[in-house]
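Structural features, examined
The chain contents come next:
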Amino acid sequence: MANREKNKKTLLELAKLPENSCCADCGAADPDWASYTLGIFVCLNCSGTHRNLSTISRIKSIRLDFWDDELVQFMKSNGNRAAKNFYEKYVPVFYYQPQPDDCEVLREQWIRAKYERKEFTEEKTERPYTAGVYEGMLWKKGKDNGQFLERKFVLSVHDFTLKYYKEDESKGPKATISVKGLNATFQPEKIGHAHGLQITYSVDDHTRNLFVYHKNGWEIVNWFNAIRAIRHVYLKTAFPTASDGDLIPWITRSYLKEGYMEKTGPLVRVPPHRWFSLSCFFDAIELGVVFIGSENHGYSVRECVPKGTRGNKWKCGVIVETPDRQFVFMCEQERDQREWVEALKTVISKPMMPQDYTSKIITLLIRCANVAKHKWGVKKK
């Protein structure tokens, strides 16, 4: 008969081993759950997806559930490292591997790709998102009425473009977007759909966005990784001497922080609530972009309860000081205020990298605006 306390102690010790101390799927620290059919330790969020793969993965709590001796022995014989070596052996270098804070569809499709479809157990020359051309229908948000309409999109490595079409394809694409400045990030809350994807690009020094989704989670994640695949090819072509390690962070970039704030000032009677995004890829200099540099270039951020501003209903202030001026933003809650200050301090505390001093980057920023000191920006919509 199994010794409940002994087996629990063994499982907890296994979970503390370096190779098992993070979730096998998203990397979250201190996983409390395990798949006793796959032999892996996972976090609470990822365990939910595993429960939906009952023919492949069976889940138990390592603290609360009863474990038979043979199941504990199976966990000892396997573990996260062994699973990674098998199920992730041939993950493409550009393929996005979810982090703990990523949205559900990214985690779910990563888990299904590994254990259900076994996409990475064999070396394959082509996958749907590596074919060079990826096309299909996506639901796109209209610019005028905000309604989502089905549109055809075509992504091509041959001319490094993303095109989309209206109803009559014979008239040609409605827009042709260069992959050069393309970015994609999942924004389910902003878009109002669990599979919402935001595609960002620049036109004439202005940032533009497409908001799209697909009803099928597998399909929208394939689109995301198809964009990453072509971006990777483009970057390898543009920077042939750069390593994959240097290029991967620039394939697609997520927003560091987003949310509503009020931008206040002494002449503003009723400051509007605006959506702000803190990002590292607003290369275009345009109205509504505030560039954030490092501390040693005269940038700072702090919490405040500003006096002298008029009309603002929100009272939790954030002051951003730049070499040229002071910006005052108001948050609705103290938690939002703390999160914005922490995110901005993270950016400001980072020293500029040696490559930021190269003539190419300095020329790009100086040509656009004399105040540009860093590639990080806060953008308001």
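My aim in this report is to walk through the structure given alongside it, one point at a time. Per chain, the residues get numbers from 1 upward, laid out in the order the sequence is written. Restriction of local features to residues with pLDDT of at least 70 applies here, the model being predicted, together with a cutoff of 80 or more for giving and counting side-chain atom pairs; totals for whole chains, interfaces and linings are based on all residues. As a rule here, side-chain values come from all non-hydrogen atoms in the structure, and water together with hydrogens is ignored.

Every helix listed is a DSSP run of H or I at least four residues long, and every strand listed is a run of E at least two residues long, numbered separately from the N terminus. What the protein chain contains, in helices and strands, is 10 helices and 17 strands. Throughout, exposure labels follow a simple rule: accessible area from a 1.4 Å probe, protein chains only, divided by the maximum for the residue type, with under 20% read as buried, over 50% as exposed, and the rest as partly exposed. The buried share of the protein chain, taken over its 381 residues, is 50%. In the form shown here, the protein chain has an accessible surface area of approximately 20,000 Å², with 50% of it arising from carbon and sulfur atoms. Calculation of accessible area relied on Shrake-Rupley with a 1.4 Å probe; when residues are assessed, cover is drawn exclusively from the protein chains displayed.

What follows concerns the state of the cysteines. A pair of cysteine sulfur atoms is labelled a disulfide when the two atoms are within 2.5 Å. In the structure shown here, the tally under the stated rule is 0 disulfides. In this structure Cys26 is a free cysteine whose sulfur lies 3.7 Å from that of Cys43, the closest cysteine sulfur available. Overall, the relative accessible area of 5% leaves Cys26 in the buried class. Residue Cys304 stays outside any disulfide, its sulfur separated by 9.4 Å from that of Cys331, the closest cysteine. Classification of Cys304 by relative accessible area gives buried; the value is 13%.

What makes a nonpolar core is a set of buried Ala, Val, Leu, Ile, Met, Phe, Trp, Tyr and Cys residues whose side-chain atoms join them at distances within 4.5 Å. Residues Tyr95, Phe153, Leu155, Leu162, Phe186, Leu197 and Ile199 are the most contacted members of the largest nonpolar core, which totals 42 residues. Contacts are assigned to residue pairs that have any heavy atoms within 4.5 Å of one another. Once residues lying within four places of it in the same chain are set aside, the contact partners of Phe186 are Cys103, Val105, Leu106, His195, Gly196, Leu197, Ile220, Val221 and Phe224. Core analysis: the second largest hydrophobic core is formed by 19 residues, Leu278, Tyr299, Val301 and Phe329 among them.

Within the secondary structure, Ala34 is located in strand β1 (residues 33-35). By relative accessible area, which is 0% here, Ala34 ends up buried. Residues Ala34 and Cys23 lie 11 residues apart in sequence; the distance between their C-alpha atoms is 9.3 Å. Discounting chain neighbours no more than four positions away, the residues touching Ala34 are Ile40, Phe41, Val42, Arg58, Ile59, Lys60, Ile62, Trp67 and Met75.

What follows deals with the sheet that holds strand β6 (residues 161-165). Backbone hydrogen bonds are what pair the strands of a sheet, in a parallel or an antiparallel way. Taken together, 7 strands build an open sheet; the order of strands is β7-β6-β5-β4-β10-β9-β8 and the sheet is antiparallel. Looking along the sheet, the strands with just one partner apiece sit at the ends: β7 (175-178) and β8 (183-186). Here the strands of the sheet are splayed against their neighbours by 35° on average, with no regard to which way each runs. DSSP-based pairing: two strands are paired if at least 2 bridges between them are found. The pairing of strand β4 (residues 133-141) with strand β5 (residues 148-156) spans 9 bridges and is classified as antiparallel. Within β5, the position partnered with Glu135 by the bridge is Val154. Under this scheme, a helix contributes an axis fitted over its contacting stretch, all axes are lines through C-alpha atoms, and angles between N-to-C directions fall in the 0 to 180 degree range.

Before going further, it helps to spend a moment on the packing of helix α2 (residues 44-51) against helix α5 (residues 104-116). Two measures define how a pair of helices packs: the angle their axes make with one another and the distance between the axes. Two elements in contact, α2 and α5, have axes separated by 10 Å at closest approach and are oriented at 55°. Viewed along their axes, α2 and α5 adopt a mutual orientation that is oblique. Here α2 and α5 pass one another in a crossing that is right-handed. In this structure, α2 uses Asn45, Cys46, Thr49 and His50 to contact α5, whose residues at the interface are Arg107, Glu108, Ile111 and Tyr115. Should an angle fall under 35 degrees it is called roughly parallel, over 145 degrees roughly antiparallel, and 65 to 115 degrees roughly perpendicular, with every other angle called oblique. Note on convention: the crossing is left-handed when the near helix lies turned anticlockwise from the far helix by less than a right angle, right-handed when the turn is clockwise.

To continue, consider unusual backbone geometry. The phi torsion at Asp30 lies on the positive side, around 55°, for a residue other than glycine. Tracing the backbone through its elements, the reader meets Asp30 in the loop between α1 (4-16) and β1. We note that Lys118 has phi near 50°; this positive angle belongs to a residue other than glycine. By relative accessible area, which is 40% here, Lys118 ends up partly exposed.

Summarising burial for strand β11 (residues 257-263): 5 of the 7 residues are buried, a large majority. Note that β11 and strand β12 (residues 273-279) share 6 bridges and pair antiparallel. In the strand pairing of β12, Tyr260 is matched with Trp275. With 2 bridges joining them, β11 and strand β16 (residues 326-331) adopt antiparallel strand pairing.

Attention shifts here to the pattern of salt bridges. By definition, a salt bridge exists where a carboxyl oxygen of Asp or Glu is found within 4 Å of a side-chain nitrogen of Lys or Arg. Scanning all chains against the criterion turns up 16 salt bridges. Arg81 is the salt-bridge partner of Glu19, the closest N and O atoms lying 3.6 Å from each other. Here the residue Glu19 occupies a position in the loop between α1 and β1, and Arg81 occupies one in helix α4 (residues 80-87), the gap between them amounting to 62 residues. Assessed through its relative accessible area of 30%, Glu19 is described here as partly exposed. Of the charged contacts, one joins Glu339 and Lys257 as a salt bridge, the two residues approaching to 2.7 Å between their closest N and O atoms. With Glu339 in helix α9 (residues 334-349) and Lys257 in strand β11, the pair connects residues that are 82 residues apart, well separated along the chain. By relative accessible area, Glu339 is classed as partly exposed at 32%. When salt bridges that share partners are traced, they join Asp25, Lys84, Glu88 and Lys114 into one network.

With that settled, the discussion passes to the environment of Phe160. Locating Phe160 in the fold gives a position in the loop between β5 and β6. Spatially, the C-alpha atom of Phe160 lies 8.2 Å from that of Arg231, the residues being 71 residues apart in sequence. Excluding residues within four positions of it along the chain, Phe160 makes contact with Ile177, Ser178, Val179, Ile230, Val233, Tyr234 and Thr237.

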